[in-house]
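Architecture and fold: a report
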Amino acid sequence: MSISLSSLILLTIWISMAQIQQGGPDEKEKTTALKDLLSRIDLDELMKKDEPPLDFPDTLEGFEYAFNEKGQLRHIKTGEPFVFNYREDLHRWNQKRYEALGEIITKYVYELLEKDCNLKKISIPVDATESEPKSFIFMSEDALTNPQKLMVLIHGSGVVRAGQWARRLIINEDLDSGTQIPFIKRAMDEGYGVIVLNPNENYIEVEKPRIHVQSSSESADEPAEKRERKDKVSKETKKRRDFYEKYRNPQREKEMMQLYIRENGSPEEHALYVWDHFIAQSAAENVFFVAHSYGGLAFVELMIQREADVKSKVTAVALTDSVHNVWHQEAGKTIREWMRENCCNWVSSSEPLDTSVESMLPDCPRVSAACSTEM
């Protein structure tokens, strides 16, 4: 296993200090000298030499990857699958690279929803002002006008966005495994209108403004001696904090703040908002949901908030590894009874497809997906 230059230097110094401290009082001078040496090391520059800049391409081509005809992500030169450990012994850098690629994948899937699936991107809140944070969903042309049937898709929690089931599967397997596109295309082929929710798009991030803190020297009422003493303490505190930050965050990243989207600040709020402003307004006689993982919890919360309306419009719900809990969410008896009749939860299991799987919760049937439904 390799070890970085900066880690080796720091480890050597710390070991030396520990050995000297065990030697007794006469070794104090050596300890002081080593501490002084450690304080003089510019950790920022030292650690940056080990870790490449956190600047990554903003296109698949820049990463030298592309999706082939089978929907698999492959390197355009070698044909190899994506490699996470691109730089050995640089886990943070590799993770940041993976996340940067993930953001590009998200935009790529959005493009597929519009170009390949012919869905429209609809901004929400519907009455948002020009300056406030916004999110969006995707809908087919006939989503609100189809008189017969409407399919609603809800993904799980985490980094996934509209049109995705699992980023990991998109990158390591293929688009069919990790996206909702096969569901969308089949639904449209069978005459369904389609609405794709985006429950994890709850806020936008903006750079946190710098706040000027008045130093003690700017306070003219204090005696000069007291101001100087305060300034000295403040500088020492800042020095220690900066020293720690160089360990924790050698490439200082921008400090960001979150601005939440009105009435869409959580997956549960989002599901409720889309129901009130779109699904409830649709002409479809029969509405069907497909909800994965946390999407199942969001659906149950929707039922709790709009029980009568949901019962009047929703015909059936297909859940996959749903994490809902009717006890914790305090779903009433009438909701539990409706779920037993109208919902089914396909769960990870090695049993044959649709084999009944035991559940301690008195809600909907649980059956085997005959494989892992991890998304």
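Definitions and cut-offs
Residues numbered from 1 in each chain as written. Predicted model: local features only at pLDDT ≥ 70, side-chain atom pairs only at ≥ 80, totals over all residues. Heavy atoms only, no water. Helix = DSSP H or I, 4+ residues; strand = E, 2+ residues; numbered from the N terminus. Buried < 20%, exposed > 50% of the residue type's maximum accessible area, 1.4 Å probe, protein only. Areas by Shrake-Rupley, 256 points an atom, 1.4 Å probe, with all protein chains shown as cover. pLDDT = per-residue confidence, 0-100. Contact = heavy atoms within 4.5 Å. Salt bridge = Lys/Arg side-chain N within 4 Å of Asp/Glu carboxyl O. Core = buried A, V, L, I, M, F, W, Y, C linked by side-chain atoms within 4.5 Å.

This brings us to the overall build of the protein chain. The helix and strand inventory of the protein chain stands at 13 helices and 12 strands. Counting across all 375 residues of the protein chain, residues that qualify as buried make up 41%. Accessible surface for the protein chain amounts to roughly 21,700 Å². Of this, 51% is attributable to carbon and sulfur atoms.

Tracing the backbone shows Gln305 in helix α11 (residues 294-305). Overall, the relative accessible area of 41% leaves Gln305 in the partly exposed class. Measuring from C-alpha to C-alpha, the distance between Gln305 and Leu272 comes to 7.9 Å, with 33 residues separating the pair along the chain.

Model confidence for the protein chain is summarised by a mean pLDDT of 85, while 74% of its residues fall at 70 or above. The low-confidence segment residues 43-49, where pLDDT is below 50, has 16 contacts with residues more than four positions distant or belonging to other chains.

Tallied over the entire structure, the rule returns 10 salt bridges. Of the charged contacts, one joins Lys120 and Glu141 as a salt bridge, the two residues approaching to 3.3 Å between their closest N and O atoms. With a gap of 21 residues between them, Lys120 in strand β3 (residues 120-124) and Glu141 in the loop between β4 (135-139) and β5 (149-154) connect regions that are remote in the sequence.

Formed by 35 residues in total, the largest nonpolar core has its most connected members in Ile195, Ile279, Phe289, Phe299 and Met339. Put simply, the parts of the chain that give this core at least two residues each are β4, β5, α10 (267-277), β9 (286-292), α11, β10 (314-320) and α13 (333-342). Sorting elements by how many residues they give to this core places α11 first, with 5 residues. In this structure Ile279 touches Leu150, Val152, Ile195, Val274, Val287, Phe289 and Lys313, once residues within four positions along its chain are discounted. Judged by nonpolar contacts, the second largest core, of 34 residues, contains Phe82, Ala100, Leu153 and Trp165.

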